[in-house]
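# Close look at the chain arrangement
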Amino acid sequence: MQYHNIVVVNAAIGSVCSKLPMYSRNMGEWGHTLVNTLKDCAAPSVVDTVDVFTIKQVLQKYSPPQNRLSLVKIDIEGGEVDLLNDPIWIEDFAVATAELHGRIIDGCTSAWSAATSKKSRFSISEAGEKMISVNPALLHALH
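Residues numbered from 1 in each chain as written. Predicted model: local features only at pLDDT ≥ 70, side-chain atom pairs only at ≥ 80, totals over all residues. Heavy atoms only, no water.

Here the focus is the packing of aromatic side chains. If you walk through the whole model with that rule in mind, you get one aromatic pair. Taking the centre distance of 6.1 Å and the plane angle of 80° together, the rings of tryptophan 89 and phenylalanine 93 count as edge-to-face. Like phenylalanine 93, tryptophan 89 is buried. (Phe/Tyr/Trp six-rings, centres within 6.5 Å; stacked < 30°, edge-to-face > 60°. Buried < 20%, exposed > 50% of the residue type's maximum accessible area, 1.4 Å probe, protein only.)

So, about unusual backbone geometry. For asparagine 26, which is not a glycine, the phi torsion comes out positive at approximately 60°. When its relative accessible area of 52% is taken as the criterion, asparagine 26 is described as exposed.

Here the focus is the sheet that holds strand 3 (residues 45-53). Backbone hydrogen bonds are what pair the strands of a sheet, in a parallel or an antiparallel way. Ordered in space as 1-3-2, the three strands form an open sheet in which the pairing is mixed. Pairing within the sheet leaves two strands with one partner each, and these edge strands are strand 1 (12-13) and strand 2 (18-24). With seven bridges connecting them, strand 2 and strand 3 associate as antiparallel partners. Among the inter-strand pairings, serine 24 is bridged to a residue of strand 3, identified as serine 45. (Pairing = 2+ DSSP bridges. Helix = DSSP H or I, 4+ residues; strand = E, 2+ residues; numbered from the N terminus.)

On the surface, Tyr3, Ile6 and Val8 cluster together to form a nonpolar patch covering roughly 320 Å² of accessible area. When you line up the elements, valine 8 lands in the segment before strand 1. With a relative accessible area of 64%, valine 8 lands in the exposed category. (Patch = residues over 30% accessible without salt bridge, like charges linked within 9 Å, V, L, I, M, F, W, Y side chains within 5 Å. Areas by Shrake-Rupley, 256 points an atom, 1.4 Å probe, with all protein chains shown as cover. Salt bridge = Lys/Arg side-chain N within 4 Å of Asp/Glu carboxyl O.)

Here we come to the nonpolar core. Core analysis: the biggest nonpolar cluster contains 18 residues, and Val72, Ile74, Leu84, Trp89, Ile90, Leu100 and Trp112 have the highest contact counts within it. Element by element, the count of residues in this core is highest for helix 3 (residues 108-116), at four residues. (Core = buried A, V, L, I, M, F, W, Y, C linked by side-chain atoms within 4.5 Å.)

In the structure shown here, the tally under the stated rule is nine salt bridges. With a closest N to O distance of 3.8 Å, aspartate 75 and lysine 73 form a salt bridge. Between lysine 130 and glutamate 129 there is a salt bridge; the shortest N-O distance is 3.6 Å. Using a relative accessible area of 41% as the deciding quantity, one classes lysine 130 as partly exposed. The network of salt bridges with common partners includes Glu99, Arg103, Glu129 and Lys130.

Here we come to the environment of leucine 83. For leucine 83, the location among the structural elements is in helix 2 (residues 80-83). Aside from chain neighbours lying at most four places away, what touches leucine 83 is Ile13, Gly14, Ser15, Ile55, Ile74, Ile76 and Trp89. (Contact = heavy atoms within 4.5 Å.)

Structure representation (structure tokens):
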């Protein structure tokens with residue numbers, strides 16, 4: 001790989017470490033999900049089983065030594081509800097972006113709002129399912 005600071009981890013992110021089935025929503029590979037009760041697909045099929053790690057586990061293994069993290073992008077086809085169950089990790093990131101999937105599972109917007117409505121953060125964009133949250137103090141510290 002030409003970028004030494006990019007590590008590919010063949011796994012999923014969730015609120016607990018586990019092994020879970022991955023479901024097809026019959027929309028192609030880009031629409032696979034760990035969510036097993038889907039609003040937008042009556043008959044999902046299991047396509048594989050994947051390892052699931054927590055954000056904390058991934059950060060412990062792959063974050064830079066100075067632990068200065070700038071950006072997390074969440075686009076996990078409905079899995080954001082589970083991931084944001086314990087959102088303390090979001091404070092480690094200066095900028096958090098998410099594509100919420102309320103069409104797949106209920107609760108995405110409320111989970112995001114609860115996770116990012118801290119005094120230290122503010123939302124700078126709410127364009128439909130695309131969300132951005134910023135922690136100005138962490139962003140400033142990166143410079």
